[in-house]
Amino acid sequence: MVFKVYFQENIKEVPVREKTKVLYVEGESVKDVRKKIADRGYNVELVQAVSGAFLEYEKQNEDYNVLEI
């Protein structure tokens, strides 16, 4: 399953909407995805499952790239 992860690059900074970035990660669950990206030092705001029409919409985005960690 593909998950959309909203994050800030620096875990020590306060989240600011304009600095929020997104990445897509292949995983089995939200917990699994959080474990996979834990070593990157991101301040994770939200991990959201993406499927169906929502996934098809996201694939149209030029920044769509699924990380298989």
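Described below are features of the structure shown in this document. Going along each chain's sequence as written, the residues are numbered from 1 onward. Side-chain atom pairs in this predicted model are given and counted only at pLDDT of 80 or more, local residue features only at pLDDT of at least 70, and totals for whole chains, interfaces and linings cover all residues. As a convention, hydrogens and water are excluded, and side-chain values are obtained from all of the structure's heavy atoms.

1. Looking at the nonpolar core
Next, step 1: Grouping buried Ala, Val, Leu, Ile, Met, Phe, Trp, Tyr and Cys residues that are joined through side-chain atoms within 4.5 Å yields what is termed a nonpolar core. Burial classes: relative accessible area under 20% of the type maximum marks a residue as buried, over 50% as exposed, and values in between as partly exposed (1.4 Å probe, protein chains only). Counting residues in hydrophobic clusters, the biggest one holds 8 residues: Phe 3, Val 5, Phe 7, Leu 23, Val 25, Val 33, Ile 37 and Val 47.
Next, step 2: Secondary structure elements follow DSSP: runs of H or I no shorter than four residues count as helices, runs of E no shorter than two count as strands, and numbering proceeds from the N terminus. Among the elements of the structure, strand E1 (2-8), strand E2 (21-26) and helix H1 (30-37) are those that each provide at least two residues to this core.
Next, step 3: Take this core: its biggest share by element is 3 residues, from E1.
Next, step 4: Those residues in contact with Ile 37, other than ones at most four positions away along the chain, are Val 5, Val 25, Val 44 and Ile 69. Contacts between residues were defined by any pair of non-hydrogen atoms, one from each residue, lying within 4.5 Å.

2. With respect to the pattern of salt bridges
As a working rule, side chains carrying opposite charge can pair if their charged atoms are close by.
Next, step 1: The salt bridge criterion pairs a side-chain nitrogen of Lys or Arg with a carboxyl oxygen of Asp or Glu, the two atoms within 4 Å. The final tally for this structure, using the stated rule, is 4 salt bridges.
Next, step 2: Taking the shortest distance from any N to any O, the salt bridge between Lys 59 and Glu 56 comes out at 3.8 Å. A residue pair is termed a helical-turn pair when its members lie 3 or 4 positions apart in one helix, as Lys 59 and Glu 56 do in helix H2 (residues 52-59) at 3 residues.
Next, step 3: Its relative accessible area of 42% is what places Lys 59 among the partly exposed residues.
Next, step 4: For Glu 56, a relative accessible area of 45% translates into the label partly exposed.

3. Here's the deal with the sheet that holds strand E4 (residues 66-67)
Next, step 1: With respect to topology, 4 strands assemble into an open sheet ordered E3-E1-E2-E4, the strand pairing being mixed. Of all the strands in the sheet, just strand E3 (43-50) and E4 have a single pairing partner and so form its edges.
Next, step 2: Sheet topology note: the E2/E4 ladder contains 2 bridges and is parallel. Paired with Tyr 24 across the bridge in E4 is Val 66.
Next, step 3: Angles shown run from 0 to 180 degrees and are taken between the N-to-C directions of axes, each axis being a line fitted to C-alpha atoms and, for helices, limited to the stretch in contact. In the packing of H1 onto the sheet, the strands contacted are E1, E2 and E3, and the crossing angle to E3 comes to about 140°.
Next, step 4: Where H2 meets the sheet, it contacts E1, E2 and E3, and its direction lies at approximately 115° from that of E3. The pairing criterion for strands is at least two bridges between them, as found by DSSP.

4. Brief notes about the pairing of E2
Next, step 1: Judged from the 6 bridges that link them, E1 and E2 form a sheet pairing that is antiparallel. Across the sheet, the residue bridging to Val 5 is Leu 23, located in E2.

5. A look at the environment of Glu 62
Next, step 1: Of note, Glu 62 is situated in the loop between H2 and E4.
Next, step 2: The class for Glu 62 is exposed, based on a relative accessible area of 76%.
Next, step 3: Sequence-wise, Glu 62 and Glu 18 are 44 residues apart; in three dimensions their C-alpha atoms are separated by 19 Å.

The analysis is restricted to geometry; functional conclusions fall outside its scope.
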